[in-house]
Amino acid sequence: MKSTNASRPMPKVMLVENDRTLLTMLANSLAQFGQNITAIANNSSDAINLFRKVNPEVVVLDIDLGDSIDGIELANIMQKSNPNIGVVFLTSFTDHRFAFIAHKEFPKKYVYLRKQEINNVKMVSDAIFEAATNSQKYYPVRPVEKNYYSNLSDRDIELMRHISKGYSNIKIAKILKIESKSCENAISRLLKKLSIPA
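Residues numbered from 1 in each chain as written. Predicted model: local features only at pLDDT ≥ 70, side-chain atom pairs only at ≥ 80, totals over all residues. Heavy atoms only, no water.

J.: Quick question: what am I supposed to make of the overall build of the protein here?
T.: Secondary structure summary: the protein contains 8 helices and 7 strands in total. Within the protein, buried positions represent 42% of all 198 residues. Partitioning the intrachain contacts of the protein with sequence separation of at least 6 by distance along the chain shows that 65% fall at a separation of at least 24. In the structure as shown, the protein presents an accessible area of about 10700 Å², 52% of it carried by carbon and sulfur atoms. (Helix = DSSP H or I, 4+ residues; strand = E, 2+ residues; numbered from the N terminus. Buried < 20%, exposed > 50% of the residue type's maximum accessible area, 1.4 Å probe, protein only. Contact = heavy atoms within 4.5 Å. Areas by Shrake-Rupley, 256 points an atom, 1.4 Å probe, with all protein chains shown as cover.)

This is the structure we're talking about:
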């Protein structure tokens, strides 16, 4: 770790974000803030290759990387190789359940930041420091805030994710291991909760 002062060592940081403009801006801003940016990648395969080469102490990554491996799966791959790596998730998901519902395994040590709540680079820099230095119990997923989605169950969120991918009711029923009619009923209840006419 390099350090800008004796009390706050700066870990080696890797950034993974599929939006190239945001990736460049974030890398430059964090570097100017004193962070030790050792690698940047805009997709999961480049990220895995760079991870093996530079061995970062913290990875800052988007959850939706727009390719076959999302940020949560990528973080799990990295923590299997290096259990001590800290993870900072940057996401547009206002409700963390949209990001995490499809996963059975979560990274052990992570900070979860919503992009729309970040108003300065210090917030990201502080999250990097926390991910690098705190124990595995630090930063559990934040509770669901009172928002448009707070009345939805985890199953409702999962249904919404499958519907948003364009899956048919039959395919969703197979994924959820339920009957087609049960799937149709669940979708009808979801639409009612969202005040969407069926």
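J.: Would you explain the side chain of E17 in this entry?
T.: Within the fold, E17 resides in the loop between strand 3 (12-16) and helix 1 (20-32). Here D19 takes part through its backbone nitrogen, which lies 3.1 Å from a polar atom of the side chain of E17. In terms of polar contacts, E17 uses its side chain to reach the side chain of K115, at 3.2 Å. Leave out the neighbours within four places in its chain, and E17 touches L22, L23, A41, N42, D62, L65 and K115. (Polar contact = N/O pair within 3.5 Å; in protein donor to acceptor, adjacent residues only side chain to side chain.)

J.: It is not clear to me how the sheet that holds strand 3 should be interpreted in this structure. Could you clarify?
T.: Note on sheets: strands pair through backbone hydrogen bonds, and any given pair is parallel or antiparallel. Strand order across the open sheet formed by 5 strands is 4-3-5-6-7, with parallel pairing between neighbours. In this open sheet, the two edge strands, each paired with only one partner strand, are strand 4 (36-41) and strand 7 (110-114). Neighbour-to-neighbour, the strand axes of the sheet open up by a mean angle of 20°, direction not taken into account. In this sheet, strand 5 (residues 58-62) lies alongside strand 3 in parallel orientation, the contact comprising 4 bridges. (Pairing = 2+ DSSP bridges. Axes fitted to C-alpha atoms, helices over the stretch in contact; angles between N-to-C directions.)

J.: I tried to follow the pattern of salt bridges on my own but got confused; where do I start?
T.: Taken as a whole, this structure holds 5 salt bridges when the rule is applied. The salt bridge involving E17 is made with K115; its shortest N-O contact spans 3.2 Å. Residue E17 is found in the loop between strand 3 and helix 1, and its partner K115 is found in the loop between strand 7 and helix 5 (121-133); the two are separated by 98 residues along the sequence. Accessibility expressed as a relative area gives 4% for E17, which makes it buried. Of the charged contacts in the structure, one is a salt bridge between K122 and D126, with a shortest N-O distance of 2.7 Å. Taken together, the residues span about one helical turn, with K122 and D126 both in helix 5 at a distance of 4 residues. Given the relative accessible area of 43%, K122 is considered partly exposed. Several salt bridges converge on common partners, so that one network encompasses E17, D62 and K115. (Salt bridge = Lys/Arg side-chain N within 4 Å of Asp/Glu carboxyl O.)

J.: Please explain the environment of D19 as it appears in this structure.
T.: Along the chain, D19 falls in the loop between strand 3 and helix 1. Assessed through its relative accessible area of 37%, D19 is described here as partly exposed. From its side chain, D19 meets the backbone nitrogen of L22 in a polar contact 3.1 Å long.

J.: Would you mind showing me how to read the packing of aromatic side chains here?
T.: One pair of aromatic rings is described through two measures. These are the centre distance and the angle between the planes. Following the criterion strictly, the structure yields 1 aromatic pair and no others. The ring of Y167 carries K171 above its face, with NZ or CZ at 4.1 Å from the centroid. (Phe/Tyr/Trp six-rings, centres within 6.5 Å; stacked < 30°, edge-to-face > 60°. Lys NZ or Arg CZ within 6 Å of the ring centre and 35° of its normal.)

J.: Explain helix 7 (residues 169-176) here, please?
T.: Structural remark: α-helix, 3.6 residues per turn; residues separated by three or four positions point the same way. Taken as a whole, helix 7 has its buried residues at I172, A173 and L176. For helix 7, the arc enclosing every buried residue in end-on projection is 100°, short of the 170-degree limit, so these residues lie on one face. In helix 7, those exposed residues whose orientation departs by more than 90 degrees from the buried face are I170 and K174. Summarising the contacts, the buried residues of helix 7 are in contact with helix 6 (154-164) and helix 8 (180-193). Backbone geometry just downstream of helix 7 places K177 in the positive-phi region, at approximately 60°. (Arc of directions from axis to C-beta.)

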